[in-house]
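Listed below are the residues making up each chain.
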Amino acid sequence: MGCFVSTPQDTGGNRRRPGNIGDVSVFVPGLRIPKPVDFSLAFGDNLSKTLVERLSALRTRIVVMAGQEAPTITRTRRKTATQHGGSTLGDLLQALEDYLPVLLGLVKDGSPLQHKVQFIWVNQEDDAEETAMFSAWYEVLSILHLMATLSLSQANLLLLPRTSLDGYSPKVSEESRRSSVDVFLKAAGYLDCAVRNVLPQLPAEQRRNLPVDLAEGVLRALCLQALGQAVDIQLGLAIDSTKATLAVKRRLACEMVKYWQQAQDNIMNLPLSNGWGEKHRLFVKWKYIEAKASAYYYHGLILDEGNTEKSHGMAVAALQAADEYLKESKKACEGFNAAIPLSRNPPLWGTMKYLAEKIPKDTSSKVRINRDLYSYEKIMETAPTLPDFALALKPDEYQLPHVDASWDEETTGRGQFNANKLKG
C-alpha cells in the first residue's frame, strides 16, 4: 500500500530542462509530467470496461498534452498568448478538470481501488527524476499541483510587457493586471486545497516519500507567492490611482512583505538545491527583499509627515533602508536570472518601475549630507520596525469536485452483477 519508487538521478531521458526560459515576471516551476499507466491491467475485473476506458482516455490526453507543453511552458510566447493567457494552457487545464471527478471515484469512501494503480510522475525540483506510488491520492495531489503551475504560467504571460500601439515603452495593460490577480488567487486556491484536503489523506510514510516538488513547504510557499504577487499588482494599481492614500499603499506593501517572508520560511529548510529548486529559492529571496524596499519607502513617507524631529529622523532611517533594500534586490535579481535555467527581466513596469525611480530620488532629498557615513549595518540597525497588518488577501475557496456520476452507475451495475451471480 505504501510502496513507492524514486529514480535517484536525472538521466536526461524524461526530465527536460530548458537552458533559457526568457522573460520572467512570475516564477513557474517546471511541469511535472505524468507517465502512462495501464488501468485495464491494474483493475482487471474490478471495474467495468467502460469506466476503465474512460479513465484511460482522460489520462492519456493529459500525458500527451503535458508532454508537448512541457518544453515551452516557461518560455516567453508572446505570439500565442491570448488576452487571458495561453490557449494551450487553457486546454490542458480543462483536460485536468475533466479527469479529476472521474479520478476521485478511486478514493470514494476509502475504496481499496485507490491502491491498485502505480502512478508515475516526472519531478522537476527533486533530486529523484521521477516518483511512483500506488496511491490515487498521490495522483490527485499531482493534478492539483499541475493545475496551479499552469495558472502561474498564465499569470506570467499576462504580466509580460507588450509594446503599446502609441509607440511608448512596453507596458502591461490594466485589464491584464486585474485578470492576473484572479489567476493568482485561483492558483493559490488549488494549492491551499492540496495542503488542507489532500495531503492529510496520505499516510505518514507516503508523505515522507513525496518528492520535494510536492512537499508541504513547497506547496505552501507557492500559495503564498501567488498571494504576494497578487498584492504587488494591487499596489501597482494603487500607485496609478489618484484616490489611493499613502496609508493604503503602505498597508499593501507591508502585507506583501509578510507573504514573502512566510514563503521564505516555508522553503528555507527544504533541499531545493538542484535546477528549478535552486531557482525557486532565489526567486523568493529576491521578491522578499524587493517587498521590503517598497514597505520601508511608504513607511518613511508617512513618518515624514510628522512634525517632530524624532519622526523626521525615523523617516530618514526608513528611506535609507528602502534604498539599501532596493540595491540588494537588484543583486538578488541578478542571482536569480543567472541560475540555471537562465532567465531575464522584462522591461521594468508597475510597482518597481515607479519605486526604482522614486526611492533613490526621495532618499537623497531627505537624507542630510553625512549620509555617506552610515554603513549598511548602521542603516539596518536604526531602521524603524514596519507596522504589522493582518493579511487581507486569501486564496480562492477551491473544493475538490464531486465524484463523476459514472461511478454511481458503476456501483449500481456491480450490485446487479453480484446479485445475478448469487442467483446463478
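Just so it is clear, the model here is predicted, and its values are computed rather than measured.

What counts, and at which threshold
Residues numbered from 1 in each chain as written. Predicted model: local features only at pLDDT ≥ 70, side-chain atom pairs only at ≥ 80, totals over all residues. Heavy atoms only, no water. Helix = DSSP H or I, 4+ residues; strand = E, 2+ residues; numbered from the N terminus. Buried < 20%, exposed > 50% of the residue type's maximum accessible area, 1.4 Å probe, protein only. Contact = heavy atoms within 4.5 Å. Areas by Shrake-Rupley, 256 points an atom, 1.4 Å probe, with all protein chains shown as cover. Pairing = 2+ DSSP bridges. Expected span 1.5 Å × (residues − 1). Phe/Tyr/Trp six-rings, centres within 6.5 Å; stacked < 30°, edge-to-face > 60°. Lys NZ or Arg CZ within 6 Å of the ring centre and 35° of its normal. Axes fitted to C-alpha atoms, helices over the stretch in contact; angles between N-to-C directions. Parallel < 35°, antiparallel > 145°, perpendicular 65-115°, else oblique. Left-handed = near helix turned anticlockwise from the far one by under 90°. pLDDT = per-residue confidence, 0-100. Nonpolar A, V, L, I, M, F, W, Y, C, P; charged D, E, K, R; others polar. Salt bridge = Lys/Arg side-chain N within 4 Å of Asp/Glu carboxyl O.

(A) Representation of the overall build of the chain within the structure. A count of helices and strands for the chain gives 13 helices and eight strands. When burial is assessed residue by residue, the chain has 54% of its 424 residues classed as buried. Summarising the internal contacts of the chain: among those between residues at least 6 apart in sequence, 82% fall at separations of at least 24. When the accessible area of the chain is evaluated, it comes to approximately 19,200 Å², of which 52% is carbon and sulfur surface.

(B) Fine view of the environment of Glu410. Relative to the helices and strands, Glu410 is located in helix α13 (residues 406–423). With residues up to four places along the chain from it excluded, the contact list for Glu410 reads Asn46, Leu47, Ser48 and Leu51.

(C) Just the pairing of strand β6 (residues 119–122), in detail. Side chains of β6 alternate between two faces, with Phe119 and Trp121 and Ile120 and Val122 buried alike. Pairing of β6 with strand β7 (residues 130–133), which is carried by four bridges, proceeds in the antiparallel orientation. From the neighbouring strand, Ile120 faces β7, where its bridge partner is Ala132.

(D) Up close: helix α8 (residues 246–267). Compared with an ideal rise of 1.5 Å per residue, which puts 22 residues at 32 Å, α8 spans 32 Å between its outermost C-alpha atoms and is within 8% of the ideal. Within α8, burial applies to Lys249, Arg250, Leu252, Ala253, Cys254, Glu255, Met256, Val257, Tyr259, Trp260, Ala263 and Ile267. Buried residues along α8 sit in contact with α7 (216–240) and α9 (276–303).

(E) Expanded view of the side chain of Asp404. Residue placement: Asp404 occurs in the loop between α12 (376–382) and α13. With near-sequence residues (within four places) excluded, Asp404 lies in contact with Arg54, Pro101 and Val102.

(F) Representation of the packing of aromatic side chains in the model. For the coordinates displayed, the defined rule picks out 10 aromatic pairs. Their ring planes at 70° and their centres at 5.9 Å tell us that Trp260 and Phe283 sit as a pair that is edge-to-face. Taken together, the residues span a long stretch of sequence, with Trp260 in helix α8 and Phe283 in helix α9 at a distance of 23 residues. Looking at Trp260, the relative accessible area reads 2%, which means it is buried. An aromatic cluster is present here, built from Phe27, Trp260, Phe283, Trp286 and Phe336 joined pairwise through their rings. Above the plane of the ring of Trp286 lies Lys287, whose end atom (NZ or CZ) is 4.3 Å from the centre. Above the plane of the ring of Tyr288 lies Lys292, whose end atom (NZ or CZ) is 4.3 Å from the centre.

(G) Representation of the packing of α9 against helix α10 (residues 309–338) within the structure. In contact at an axis separation of 7 Å, α9 and α10 are set at 160° when each is read in the N-to-C sense. Here α9 lies roughly antiparallel to α10, going by the angle between them. Judged by the sense of rotation from one axis to the other, the crossing of α9 with α10 is left-handed.

(H) Spatial organisation of the confidence of the model for the chain. On average, residues of the chain carry a pLDDT of 85, and 83% of them reach 70 or more. The low-confidence segment residues 9–13 (pLDDT under 50) makes eight contacts with residues lying over four places distant or belonging to another chain.

(I) Inspection of the packing of helix α4 (residues 136–158) against helix α5 (residues 174–198) at higher detail. Relative to each other, α4 and α5 sit at 165°, their axes nearing to 9 Å. Classified by the angle between their axes, α4 and α5 sit roughly antiparallel to one another. Between α4 and α5 lies a crossing whose hand is left-handed. Across the interface between the two elements, Trp137, Val140, Leu141, Leu144, Met147, Ala148, Ser151, Leu152, Gln154, Ala155 and Leu158 of α4 pack against Ser176, Ser179, Ser180, Val183, Phe184, Lys186, Ala187, Tyr190, Leu191, Cys193, Ala194 and Val198 of α5. Here the contact of α4 with α5 is composed, by residue class, of 17 nonpolar, five polar and one charged.

(J) Main features of the pattern of salt bridges. Summed over the entire model, instances satisfying the criterion amount to 20 salt bridges. Arg54 is paired through a salt bridge with Asp404; the nearest N and O atoms lie 2.6 Å apart. Here Asp404 lies in the loop between α12 and α13 and Arg54 lies in helix α2 (residues 49–69), a separation of 350 residues in the sequence. When its relative accessible area of 17% is taken as the criterion, Asp404 is described as buried. Here the salt bridges share partners, and the residues they tie into one network are Arg207, Glu216 and Arg220.

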